[in-house]
Amino acid sequence: MKKYLLIIIALFFITDLVFAQEKQSNRFRTSSQTSISYVFALNEHALGGPTNALQVKLMLGKANERVGFGIGIENTNYRGTGSNFDVLGFSANAHLLAKAISTDETNFFIKGAIGYAPRIFRTYNKGFFADAAGGLIFTTKRKSKYFVQAIYRHQQVEGFMTGNVKPEIHGLGAGVGTWF
């Protein structure tokens, strides 16, 4: 199964590279973002005190000069008073830029994601989540794009041994990443 998935992903990128010879500003091209964020809890939930989160995310998708859509995978570790758990989530993502991505100027963006974390591993939890972020993109002299972001995160966690308790965690944090 992994072998077929890797072949499909490779074919996706190869076909995109073949069509990359056409230069049109409105044409959608392959886009990706990687980020790491730390989110501070805004609330106390049913399992105890505030729970902070460390999130690592990879997003792959299609984008034109200002708008993009994609799918994401993220690993989020929650640690706090009375609760420690992990989620591995899959999401649908969208972003909007103030200026074209091809500009070398500092650029502003907003982005959002909504998804679900299934219980893939025994030690991971499941649940719905949503993110909203805004930030700045900086371009280096070598044309690399880096961003800083302020992020709001909502996570509902299911599957605890305590019955029907579904803690909802709301948090606000900051992150950094790369934009390809």
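Student: Mind laying out the nonpolar core, listing which residues take part and the relevant values?
Tutor: The biggest cluster of nonpolar side chains holds eleven residues, and these are Val39, Ala53, Tyr78, Phe85, Val87, Ala117, Phe129, Ala133, Ile151, Val157 and Ile169. Of all elements in the fold, only strand 4 (83-97) and strand 6 (127-139) reach the threshold of two or more residues within this core. Counting six residues, the second largest nonpolar core, distinct from the first, contains Leu97, Ile101, Ile137 and Phe147.

Student: I'd like a rundown of the pairing of strand 3 (residues 67-80), residues and numbers included.
Tutor: Pairing between strand 2 (residues 51-63) and strand 3: 13 bridges, direction antiparallel. Among the inter-strand pairings, Val56 is bridged to a residue of strand 3, identified as Asn75. In textbook terms, the turn of a hairpin is the stretch between consecutive antiparallel strands, and for strand 2 and strand 3 this stretch comprises three residues. Relative to strand 4, strand 3 is paired through 14 bridges, and the arrangement is antiparallel.

Student: So what about the packing of aromatic side chains? Which residues, and what values?
Tutor: What characterises a pair of aromatic rings is the spacing of the ring centres plus the angle enclosed by the ring planes. Applying the stated criterion across every chain, the model contains six aromatic pairs. Consider the rings of Phe109 and Trp179, whose centres lie 5.2 Å apart with planes at 65°: the pair is edge-to-face. In this pair, Phe109 is assigned in strand 5 (residues 107-117) and Trp179 in strand 8 (residues 168-179), connecting sequence segments 70 residues apart. A residue is classified by how much of its surface remains accessible, and Phe109, at 0% relative accessible area, is buried. Feature note: the residues Phe109, Phe147 and Trp179 constitute an aromatic cluster, connected by ring pairs.

Student: Outline the environment of Val67, listing residues and values.
Tutor: Along the chain, Val67 falls in strand 3. Spatially, the C-alpha atom of Val67 lies 9.7 Å from that of Phe109, the residues being 42 residues apart in sequence. Once residues lying within four places of it in the same chain are set aside, the contact partners of Val67 are Phe28, Lys62, His95 and Leu96.

Student: Lay out the side chain of Glu65 in plain terms, naming residues and giving numbers.
Tutor: Mapped onto the elements of the fold, Glu65 is located in the loop between strand 2 and strand 3. Of the side chains bearing the opposite charge, Arg29 lies closest to the buried Glu65, which forms no salt bridge; the N-O distance is 5.0 Å. Among the polar contacts listed, one links the side chain of Glu65 to the side chain of Ser102, at a separation of 2.7 Å.

Student: Can you lay out the sheet that holds strand 4 for me, pointing to particular residues and giving the numbers?
Tutor: Spatial ordering of the closed barrel is given by 1-2-3-4-5-6-7-8, a layout of eight strands whose pairing is antiparallel. Across the sheet, the mean angle separating the axes of adjacent strands is 25° when strand polarity is ignored. Two strands pair when backbone bridges link them, and strand 5 and strand 6 are joined in this way by eleven bridges, in the antiparallel orientation. Its bridge partner being in strand 6, Ile114 is matched across the sheet by Ala130.

Cut-offs used in this document
Residues numbered from 1 in each chain as written. Predicted model: local features only at pLDDT ≥ 70, side-chain atom pairs only at ≥ 80, totals over all residues. Heavy atoms only, no water. Core = buried A, V, L, I, M, F, W, Y, C linked by side-chain atoms within 4.5 Å. Buried < 20%, exposed > 50% of the residue type's maximum accessible area, 1.4 Å probe, protein only. Helix = DSSP H or I, 4+ residues; strand = E, 2+ residues; numbered from the N terminus. Pairing = 2+ DSSP bridges. Phe/Tyr/Trp six-rings, centres within 6.5 Å; stacked < 30°, edge-to-face > 60°. Contact = heavy atoms within 4.5 Å. Lys, Arg positive; Asp, Glu negative; His and termini not counted. Salt bridge = Lys/Arg side-chain N within 4 Å of Asp/Glu carboxyl O. Polar contact = N/O pair within 3.5 Å; in protein donor to acceptor, adjacent residues only side chain to side chain. Axes fitted to C-alpha atoms, helices over the stretch in contact; angles between N-to-C directions.

These values are about where atoms sit, not about what they do.
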